[in-house]
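Fold and geometry: a report
Here's the letter readout for the chains.
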Protein chains: 2
Amino acid sequence: MNQKSETRKEEIITTAAKLFKEKGYSAVTMRDLATAMGIKAASLYNHINSKQDILNTIIISIAEAFTAGMETIIQSEDSSIEKLKQIVALHVKITSNNTNGMASLNNDWMHLEEQLDYYLQLRNDYEDNFQVIIQQGIVANELKPNNPEIIMFSMLSTLRSLYLWLPKKEDFNPADLAMNLSEILIDGINT
Amino acid sequence: MNQKSETRKEEIITTAAKLFKEKGYSAVTMRDLATAMGIKAASLYNHINSKQDILNTIIISIAEAFTAGMETIIQSEDSSIEKLKQIVALHVKITSNNTNGMASLNNDWMHLEEQLDYYLQLRNDYEDNFQVIIQQGIVANELKPNNPEIIMFSMLSTLRSLYLWLPKKEDFNPADLAMNLSEILIDGINT
DNA sequence: GGAGCAAACTAACAAGTGTTAGTTGGATTA
DNA sequence: TAATCCAACTAACACTTGTTAGTTTGCTCC
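Attention in this report is confined to the structure presented alongside it.

About the thresholds
- Residues numbered from 1 in each chain as written.
- Chains lettered and ligands numbered in written order.
- Predicted model: local features only at pLDDT ≥ 70, side-chain atom pairs only at ≥ 80, totals over all residues.
- Heavy atoms only, no water.
- Core = buried A, V, L, I, M, F, W, Y, C linked by side-chain atoms within 4.5 Å.
- Buried < 20%, exposed > 50% of the residue type's maximum accessible area, 1.4 Å probe, protein only.
- Contact = heavy atoms within 4.5 Å.
- Helix = DSSP H or I, 4+ residues; strand = E, 2+ residues; numbered from the N terminus.
- Salt bridge = Lys/Arg side-chain N within 4 Å of Asp/Glu carboxyl O.

1. Notes on the nonpolar core
Judged by nonpolar contacts, the single largest core of 126 residues is most densely connected at L84, F130 and L181 of chain A together with L84, F130 and L181 of chain B. Among all residues touching L181 of chain A, those that are not within four sequence positions of it are V88, V92, T158, L159 and L162 of chain A together with I150 and F153 of chain B.

2. Overview of the environment of T29 of chain B
Along the chain, T29 of chain B turns up in the loop between α1 (3-23) and α2 (30-37). A sequence separation of 13 residues divides T29 of chain B from A16 of chain B, and the C-alpha atoms of the two residues are 9.7 Å apart.

3. Looking at the pattern of salt bridges
All names here are of chain B. Applying the stated criterion across every chain, the model contains 8 salt bridges over all chains. Close ionic contact of R8 with E11 constitutes a salt bridge, the shortest N to O distance being 3.1 Å. In this pair, R8 and E11 are both assigned in helix α1, 3 residues apart and thus about one turn of the helix distant. Looking at R8, the relative accessible area reads 24%, which means it is partly exposed. E127 is the salt-bridge partner of R160, the closest N and O atoms lying 2.8 Å from each other. Here R160 is found in helix α8 (residues 148-160), whereas its partner E127 is found in helix α7 (residues 116-139), with 33 residues between them in sequence. Residue classification places R160 among the partly exposed positions, given a relative accessible area of 23%.

Shown next, in the form of structure tokens:
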């Protein structure tokens, strides 16, 4: 539990996230992870409790970051469009901080066990809040009266896929990308 | 190779696709698949060659459908915006025909082995064609001069996520959904 | 120099993996 | 009726899985 051990544990989790992104949680073995760390599989257990625990840690910490970010956005007095831009920025920020972890959150959440219900609750709350913002935007005549679910689906799909693109586009800084994306998602692409 | 055997083989592949969607390729065992079919694992091998082969069949057939669809779109004389709408419709159509297979294509393509290179080639060609259409739209002043890669990323992310949403939205018919989506993706959401 | 400890190791485990071989029963065909 | 065949079965295989137990190594601090 001291400083050194925490650091080593974090190294393992970071490495695991990278492998999970490449092949998915189920296809990565503890021996794969150990090899990537330069040690033997059994040695991993000096630092972590189980494979399952690694996944929990990766996913739940990110999910809670999204929840906290959404909380802040919802409580602001900004317009709906402004809030949507803040959501875009939130996704860009969290994703650029932890690209590999985002892959696990997107693709391996169903392999959570004890924490699955908690995760689903966070996700549902997030999507509910997202949709309320869109509905308020429609009521306030900031947004076209399109189906709110389809709007959210479209935006969220793009934002959730960011983890695939950010690593390839290191020439974009997060702020620029967030602005660009907001423009495309909100204003559309046609002239 | 007769009619009955083909049908049974297709049943297995369909069932496999469903399981692969729920837990991912690596987490589904041949015993899981057999149980879902109501038979024993060994019996599966009367119909299929290997687990790997099932994945190949699922993914490659869809990837080729996309390639064929894109070929048709590219050869048309329509405007760029019209072509983009056709791409949206193509995704909606293929996805609604095989929601489960789309999950494998999106999430388990990296577990292809002999066919991995072929798949990647199809995907790259598809994305190249997609981007050319966008660039032509910008040159022709149909589209705002946004970064073509970001535009494609945004559209493609949404379209690739359709497999997650279509099953929940059976009240939308494909044609309506394609129209709605085109509007949001092309015209944006603000007033 | 010896106690304490973090972090690696070897060896082993029970359970689960994809797959093969050979067999059986019931329908179809000659 | 006899021969063929499909599609299921049981049994077994070699290997891989996550994990535990117990041991060793080298560092830090009194």
